[in-house]
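One-letter residues, chain by chain:
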Amino acid sequence: MARGGQGLARVAVVVRAGAAPLWWLGAAAAGIGVVPEGVTGRRIGVLAGAALFLVGAAVVALVRRGRYTALARGAARAGKYDVLQDRAVTVRAWRRGHRWWLLLGWAVALGSAFAVPAAGGMLLAGLGAGLRLKAAWIGRLERAGETLLWVRVDWLDRRGGSPAGKAVKGLRGTGVAAGDAAPGGARRRTAALV
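Summarised in this report is the structure supplied together with it.

So, the sheet that holds strand 4 (residues 148-152)
Stage number 1. Across the sheet, which stays open at both edges, the 5 strands sit in the order 2-5-4-1-3 with mixed pairing between neighbours. Strands at the two margins of the open sheet, each flanked by one partner only, are strand 2 (76-77) and strand 3 (83-84).
Stage number 2. Looking at chain direction, strand 1 (residues 7-10) and strand 3 are connected through 2 bridges and run parallel. Directly across from Gly7, in strand 3, lies its bridge partner Val83.

A closer look at helix 3 (residues 42-62)
Stage number 1. The end-to-end C-alpha distance of helix 3 is 30 Å, a good match for the 30 Å that 21 residues give at a rise of 1.5 Å each.
Stage number 2. Turning to helix 3, its buried residues number three or more, namely Gly45, Gly49, Gly56, Ala57, Val60 and Ala61. End-on, the buried residues of helix 3 take up no more than an arc of 115°, which puts them together on one face. Exposed side of helix 3, more than 90 degrees from the buried face: Arg43, Leu47, Leu54, Val55, Val59 and Leu62 are the residues found there.

A word on unusual backbone geometry
Stage number 1. Phi angles above zero are rare outside glycine, and Arg64 is one such case at about 65°.
Stage number 2. Considering the arrangement of structural elements, one finds Arg64 in the loop between helix 3 and helix 4 (65-73).
Stage number 3. The exposure class of Arg64 is partly exposed, given its relative accessible area of 41%.
Stage number 4. Positioned with a positive phi, Ser162 is a non-glycine residue whose angle comes to about 60°.
Stage number 5. Secondary-structure assignment places Ser162 in the loop between strand 4 and strand 5 (172-174).

Considerations on the packing of helix 2 (residues 19-33) against helix 5 (residues 87-111)
Stage number 1. Direction vectors running N to C along helix 2 and helix 5 enclose 20°, while the axes themselves pass 10 Å from each other. As far as their axial angle goes, helix 5 and helix 2 are roughly parallel. Crossing angle aside, the handedness with which helix 2 passes helix 5 is right-handed. Where helix 2 abuts helix 5, its residues Ala20, Pro21, Leu22, Leu25, Ala28, Ala29 and Ile32 lie against Arg95, Leu102, Trp106, Ala109 and Leu110.
Stage number 2. When grouped by side-chain class, the residues that make up the contact of helix 2 with helix 5 number 11 nonpolar, no polar and 1 charged.

A look at the environment of Gln6
Stage number 1. Checked against the element boundaries, Gln6 lands in the segment before strand 1.
Stage number 2. When the C-alpha positions of Gln6 and Asp154 are compared, they lie 8.5 Å apart, and in sequence the two are 148 residues distant.
Stage number 3. In terms of polar contacts, Gln6 uses its side chain to reach the side chain of Arg152, at 3.4 Å.

Conventions and cut-offs
Residues numbered from 1 in each chain as written. Predicted model: local features only at pLDDT ≥ 70, side-chain atom pairs only at ≥ 80, totals over all residues. Heavy atoms only, no water. Pairing = 2+ DSSP bridges. Helix = DSSP H or I, 4+ residues; strand = E, 2+ residues; numbered from the N terminus. Expected span 1.5 Å × (residues − 1). Buried < 20%, exposed > 50% of the residue type's maximum accessible area, 1.4 Å probe, protein only. Arc of directions from axis to C-beta. Axes fitted to C-alpha atoms, helices over the stretch in contact; angles between N-to-C directions. Parallel < 35°, antiparallel > 145°, perpendicular 65-115°, else oblique. Left-handed = near helix turned anticlockwise from the far one by under 90°. Contact = heavy atoms within 4.5 Å. Nonpolar A, V, L, I, M, F, W, Y, C, P; charged D, E, K, R; others polar. Polar contact = N/O pair within 3.5 Å; in protein donor to acceptor, adjacent residues only side chain to side chain.

By themselves these figures say nothing about function.
Here it is, written out as structure tokens:
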């Protein structure tokens, strides 16, 4: 980057990037997974899946909150020459980096339906829901501090994830109008032209 600037990706966008693929792959695997009777039967499979959905969503939403809070408190102001990465670029990098894990997870969820119908797919969907909840929580953190949180791109893992991993030594902050993503990582709504 020019004059010592760094490429920065939004923390909430990195977290939220996996939510949609996990949700939709999980929903598809659960829908297809209801077809076989399985070892346990459909009723037990769906009940086990509902429990796994809730547990998976809760664990993903709550894990490492302390680390995110500590990093947010110590966020330094982004520099003049830092480059803010577009939301679409961040999402694409995460999904490319995790595509084989997503396909493997979907295949395992689908295969598990022959033992416990729908349960694996519902767990996968629960992980996606948990990521969405975590991104929403980060959005509330950003609104409370009136600062959008960014992480250096070179500190993300090789698959474009882990915005609070060991390699991350600190976050950068900007005003809430910076970048093309709203607090929480969703697309920023543009005002309609009159």
